[in-house]
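Here is what each chain is made of, one letter per residue.
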Amino acid sequence: MKYRISLLFLLLPILGFAQERGAGIRLGEPLSLTYKDFIEDYLSYEVMLGGAGVNGSDYYRKDFENNPPSSNAFYQGHSANKGVSINFRMALHEDITDVFEITQGYLLGYGGAGIQVRTTNVDYTYIQSNPGIPETMMREERTNFDFGPEVFAGAEYYFDETPISIFLEVGMFLELIDRINIKGQGGIGVRYLF
């Protein structure tokens, strides 16, 4: 019995801390499952796992032209499919409930930074041209890998009676692998708090 009481006193700080955790879904770019927890009242970390959207067609054409399979390969087209997106980020929070004169629940504004890894599956078609041989249509599959920092800002509303929060955010992702590329991002979502 005394071990149970000792264990309860040891877990009380953790149990109180656990009330801030939330897991849910984020609709937008990237579409993700999200897990968020607070380190302090004003500081959180978040992990997201999902599917990232594809870049514009010029992006993949330039990627092929910068790295052709051979010197006599000429781009004809491509198809790109969503791959995996993994984000790890930290955010600072500020209670802005009074600013919007909210009387039930509370609203936190937040901003932060993190890192993002994204992949996209690309299927290229190209013409292989060799002297004295008829041109041949070829295909090549590649995985486009993007990595870089992101910044974001948003707001999250916590309901009084229900263990749910809803959020809205916008941000930017700076790709550093392959080439420098800036991509706008944003999303809305819901989390179950436990």
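Since this is a predicted model, take the numbers as computed values, not measurements. (Residues numbered from 1 in each chain as written. Predicted model: local features only at pLDDT ≥ 70, side-chain atom pairs only at ≥ 80, totals over all residues. Heavy atoms only, no water.)

S.K.: Before we go on, may I ask you to explain the nonpolar core in this structure?
M.R.: A general tendency of soluble globular proteins is for nonpolar side chains to be buried together. Tyr-59, Tyr-60, Phe-64, Ala-73, Tyr-75, Val-122, Tyr-124 and Tyr-126 form the largest nonpolar core, which has 8 residues in total. Counting residues per element, the ones that place at least two in this core are α2 (57-66), β4 (73-95) and β5 (106-130). Once you skip the residues sitting within four places of it in the chain, Tyr-75 turns out to touch Arg-61, Phe-64, Glu-65, Tyr-124, Thr-125 and Tyr-126. (Core = buried A, V, L, I, M, F, W, Y, C linked by side-chain atoms within 4.5 Å. Buried < 20%, exposed > 50% of the residue type's maximum accessible area, 1.4 Å probe, protein only. Helix = DSSP H or I, 4+ residues; strand = E, 2+ residues; numbered from the N terminus. Contact = heavy atoms within 4.5 Å.)

S.K.: Just checking my understanding: could you explain a negative patch on the surface for this structure?
M.R.: Judged by side-chain charge, Glu-94, Asp-95, Asp-98 and Glu-101 come together as a negatively charged surface patch. Mapped onto the secondary structure, Glu-101 falls in the loop between β4 and β5. With a relative accessible area of 67%, Glu-101 lands in the exposed category. (Patch = residues over 30% accessible without salt bridge, like charges linked within 9 Å, V, L, I, M, F, W, Y side chains within 5 Å. Areas by Shrake-Rupley, 256 points an atom, 1.4 Å probe, with all protein chains shown as cover. Salt bridge = Lys/Arg side-chain N within 4 Å of Asp/Glu carboxyl O. Lys, Arg positive; Asp, Glu negative; His and termini not counted. Charge placed at Lys NZ, Arg CZ, Asp CG, Glu CD.)

S.K.: Help me understand the sheet that holds strand β7 (residues 164-175), please; the structure alone is not making it clear to me.
M.R.: Two orientations exist for strands paired in a sheet by backbone hydrogen bonds: parallel and antiparallel. One closed barrel accounts for 8 strands, arranged β1-β2-β3-β4-β5-β6-β7-β8; its pairing is antiparallel. The sheet shows a mean angle of 25 degrees between the axes of neighbouring strands, taken without regard to direction. Pairing between strand β1 (residues 22-29) and strand β8 (residues 181-193): 8 bridges, direction antiparallel. Among the inter-strand pairings, Gly-22 is bridged to a residue of β8, identified as Leu-193. Each of β4, β5, β6 (133-158), β7 and β8 is contacted by α2, which is oriented at about 120 degrees to β4, the strand it contacts most. (Pairing = 2+ DSSP bridges. Axes fitted to C-alpha atoms, helices over the stretch in contact; angles between N-to-C directions.)

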